[in-house]
Amino acid sequence: MNIDPSIAETGSGLRILQVLEPSGGGSGRHFLDLCLGLKERGHHVEAVYSPLRAEEAFIRELKSLGLPAIHAVAMKRSPGLSDIAAFRALRQIIDGPLPFDIVHGHSSKAGALTRLRLPGRHAPRVYTPHAFRTMDPTLGKAGRLIFGSIETILAKLFTDHLICVSADEYAHARSLGVPARKLSVIINGVAPPPPDMAKTVRASFGISAEAFVFGFVGRLSHQKAPERLIEAFSNAASRLPDAHLIMVGSGEREADVRAAIAESGLQKRIRLTSAFTGPQAVPAFDVLVMASRYEAMSYVMLEAAASGKPIVSTDVGGASTAIDKDKSGLIVANDGDSIKLANAMVESARPERHLQMIAAARDRMSDFSMRQMIDKTEAVYRGLVSRP
C-alpha cells in the first residue's frame, strides 16, 4: 500500500480503539506513543490493555495520557479457554453505543482476538505483530506450521491491513502468504532519550564514568535471550577487566536470570534492575547489546540509535535498519553461539573501534522520527476509512 503522509493532515477526527496484550516492553512503548500521538491530533482514542502481564510503569503512563476511556481485559499470552471471556469482553467494547472507525490490535493475542469476527460490515481491523511468533528460529517445524497457519488465515480472511515495523518483518509476512496489498512498513519512531540520567544510573550501581558499560533493556523472556547475553559477557569479561553489564527489565524468566548471574560469579559486574526505563538507562551505556532470538523492530535499538550509541546485535528483524553494519554497530549470526556475541562485544570495546562506531552512530541519530510513525499510521487509517 502506497502511503501519502499528506492524507494524515486532512479530514475530521476518527474513533480509534487500540488493543494490546503484553502491556510493557517495546510493544507497550509503541502503543503508548501511538495513543498519545493520535490523541494530540484530535482523534478519539480508547485503549484496551491486559492487566495480567502489565508493567506498573506502563499502567501509570497509560492512565496519564488523558484518554477518554481505558479498558482492562484479561488476555493471556497462551491460547486457552480464557480467550472466550476475553473475546466477549472485547466484543462488548467494539460493539458499544458509538462505532469505532478503526480497531487496531497489537501483538499476536490482541491481534487475533480483535480480528476474529463474523462476515459482514465492520470497522477496519489493523494488526501490528511486533514480531511474528514464527520469526523465532527455535520454534521448530510443528510450531512454525501451527502458528504460521493461524497468522496466514487471519491475515487473508480477517485483516484489513497489517503494519510491519521493519523490512525484515515485511519479508517474513510475505513468506507467510500475506498479500502485499494488505501490508505497509512503518518503522517505529522515538524521541531521543534525555542524557541527564546517565550519571544517576551508573552511580546507583557504583559504576564510574570511566568504566565501559554494556547495556541490555527488555523483557526477561525466551525471545530476548538474556541467558545468552550473560554467557557472552562472562566470556568477554576476562578480556575486559573494567567492563560492566547493566540489564534493565523484568519478566517471566527473572528468577532464572538472577540464578545465572549468581552462577557466573560476576555479581559485582552484572547488575539487573527494573528501577529505570529504557530511555533513562540507554544514555548510561557505551554499547547496547541485543542477544534476542527474534525481533521485528526493537524499540531499544531505535532508542540507542537515536542516542548515537553503538549496538551489538544478533541478526534479528530490524537489526539492519537500526545498525549501519560494521560501522555504527556489529551484527552476529543468530545461531545461539554466545562466543560470537562475546567476540563482537570485545571488538566494540576496543578504544579506536569504539570511537569510530560512535561517530557513525551519531550520523544516523535523526533517521527515526516519531512524527513520521504517526503520520504514516494515520494515513493507513484514513485510507481504510475512505474505502467504499
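Residues numbered from 1 in each chain as written. Predicted model: local features only at pLDDT ≥ 70, side-chain atom pairs only at ≥ 80, totals over all residues. Heavy atoms only, no water.

Peer 1: Sorry, what's going on with the packing of aromatic side chains here?
Peer 2: The description of an aromatic ring pair rests on the distance of the ring centres and on the angle between the ring planes. Summed over the entire model, instances satisfying the criterion amount to 4 aromatic pairs. Each member of the aromatic cluster is reached from another via a ring pair, and the members are F31, Y49 and F58. The ring of F147 is capped by R133, whose NZ or CZ atom sits 5.5 Å from the centre of that ring. (Phe/Tyr/Trp six-rings, centres within 6.5 Å; stacked < 30°, edge-to-face > 60°. Lys NZ or Arg CZ within 6 Å of the ring centre and 35° of its normal.)

Peer 1: Honestly, the sheet that holds strand β2 (residues 44-49) in this entry has me stumped. Any pointers?
Peer 2: Spatial strand order, β3-β2-β1-β4-β5-β6-β7: 7 strands in an open sheet with parallel pairing. Bordering the open sheet on either side are β3 (69-72) and β7 (183-185), each of which pairs with just one other strand. Averaged over all adjacent pairs, the angle separating strand axes in this sheet is 20 degrees, with direction ignored. Across the sheet, helix α1 (residues 25-40) touches β1 (15-20), β2 and β4 (102-106), and the angle it forms with β1 is around 170 degrees. The strands touched by helix α2 (residues 56-64) are β1, β2 and β3; relative to β2, the strand with the most contacts, the crossing angle is about 160 degrees. (Pairing = 2+ DSSP bridges. Helix = DSSP H or I, 4+ residues; strand = E, 2+ residues; numbered from the N terminus. Axes fitted to C-alpha atoms, helices over the stretch in contact; angles between N-to-C directions. Contact = heavy atoms within 4.5 Å.)

Peer 1: Even after reading the chapter, I still don't get the sheet that holds strand β11 (residues 287-290), so can you show me in this structure?
Peer 2: Strand pairing within a sheet occurs via backbone hydrogen bonds; the two strands may be parallel or antiparallel. Pairing is parallel across the open sheet formed by 6 strands, whose spatial order is β10-β9-β8-β11-β12-β13. Whereas interior strands pair on both sides, the edge strands pair on one side only; in this sheet they are β10 (270-273) and β13 (329-332). Between one strand axis and the next, the sheet turns by 20 degrees as a mean value, whatever way the strands run. One ladder, built from 4 bridges, connects strand β12 (residues 311-314) with β13; its direction is parallel. Bridge pairing links V312 to L330 in β13. Sheet strands touched by helix α9 (residues 254-264): β9 (243-248) and β10. Its angle to β10, the strand with the most contacts, is close to 165 degrees. Against the sheet, helix α11 (residues 299-306) makes contact with β8 (212-217), β11 and β12, and its axis sits at roughly 165 degrees relative to β11, the strand it touches most.

Peer 1: Would you take a moment to explain the confidence of the model for the protein for this structure?
Peer 2: Where the model shows low pLDDT, its predicted coordinates should not be examined in detail. Considering every residue of the protein, the mean pLDDT works out to 92; 97% of them sit at 70 or more. Across residues 1-10, confidence stays below pLDDT 50; counting only partners more than four residues off in sequence or on other chains, it has 25 contacts. (pLDDT = per-residue confidence, 0-100.)

Peer 1: What is the right way to look at a nonpolar patch on the surface in this model?
Peer 2: Taken together, the side chains of I146, F147 and I150 make up a nonpolar region of the molecular surface, amounting to roughly 250 Å² of accessible area. With respect to the element layout, F147 can be found in helix α5 (residues 140-158). F147 sits in the partly exposed class, given a relative accessible area of 30%. (Patch = residues over 30% accessible without salt bridge, like charges linked within 9 Å, V, L, I, M, F, W, Y side chains within 5 Å. Areas by Shrake-Rupley, 256 points an atom, 1.4 Å probe, with all protein chains shown as cover. Salt bridge = Lys/Arg side-chain N within 4 Å of Asp/Glu carboxyl O. Buried < 20%, exposed > 50% of the residue type's maximum accessible area, 1.4 Å probe, protein only.)

Peer 1: Would you mind showing me how to read α5 here?
Peer 2: Structural remark: α-helix, 3.6 residues per turn; residues separated by three or four positions point the same way. The end-to-end C-alpha distance of α5, which contains 19 residues, comes to 26 Å, matching closely the 27 Å that a straight helix rising 1.5 Å per residue would cover. Those residues of α5 lying buried are G143, G148, E151, T152, L154, A155 and F158. Looking at the buried positions of α5, the neighbouring elements they touch are α4 (108-115), β5 (125-128) and β6 (161-164). (Expected span 1.5 Å × (residues − 1).)

Peer 1: Mind showing me how you'd approach the nonpolar core here?
Peer 2: Looking at soluble globular proteins, one finds that nonpolar side chains tend to be buried together. Counting residues in hydrophobic clusters, the biggest one holds 72 residues, and the most contacted among them are L62 and F285. Among the elements that make up this core, the one with the highest residue count is α11 (7 residues). Non-local contacts of L62, meaning those with residues more than four positions away in its chain, are made with F31, L32, A47, Y49, L67 and I70. Membership of the second largest hydrophobic core comes to 32 residues, among which are L229, A237, V257 and V332. (Core = buried A, V, L, I, M, F, W, Y, C linked by side-chain atoms within 4.5 Å.)

Peer 1: How should I be thinking about the state of the cysteines in this particular structure?
Peer 2: Here, disulfide denotes a covalent bond that connects the sulfur atoms of two cysteines. Tallying each qualifying case throughout the model produces 0 disulfides. Lacking any disulfide linkage, C35 is separated from the closest cysteine sulfur, that of C164, by 20 Å. Exposure remark for C164: the relative accessible area of 0% places this residue in the buried category. (Disulfide = S-S within 2.5 Å.)

Peer 1: What should I look at first to understand the pattern of salt bridges in this one?
Peer 2: Side chains carrying opposite charge are able to pair once their charged atoms draw close together. Counting across every chain of the model gives 20 salt bridges. Residue D136 is joined to R133 by a salt bridge in which the shortest nitrogen-to-oxygen separation is 3.0 Å. The partner of E347 in a salt bridge is R353, and the shortest N-O contact between them spans 3.0 Å. According to the relative accessible area criterion, E347 is partly exposed, its value standing at 25%. Connected via shared salt-bridge partners are R41, R371, D375 and E378.

Peer 1: I'm lost on the pairing of β9 in this one. Help?
Peer 2: Every other side chain in a regular strand lies on the same face of the sheet, so the side chains alternate between the two faces. Most of β9 is tucked away, with 6 of its 6 residues classed as buried. Across the two faces of β9 the burial is the same, with A243, L245 and M247 and H244, I246 and V248 all buried. Pairing analysis gives 6 bridges linking β8 to β9, with the strands arranged parallel. In the strand pairing of β9, G215 is matched with I246. This β-α-β element, β8 to helix α8 (residues 226-237) to β9, shows right-handed connectivity. Pairing geometry for β9 and β10, over 4 bridges, is parallel. Pairing of M247 across the sheet is with L272, part of β10. (Right-handed = clockwise from strand over helix to strand, strands pointing away.)

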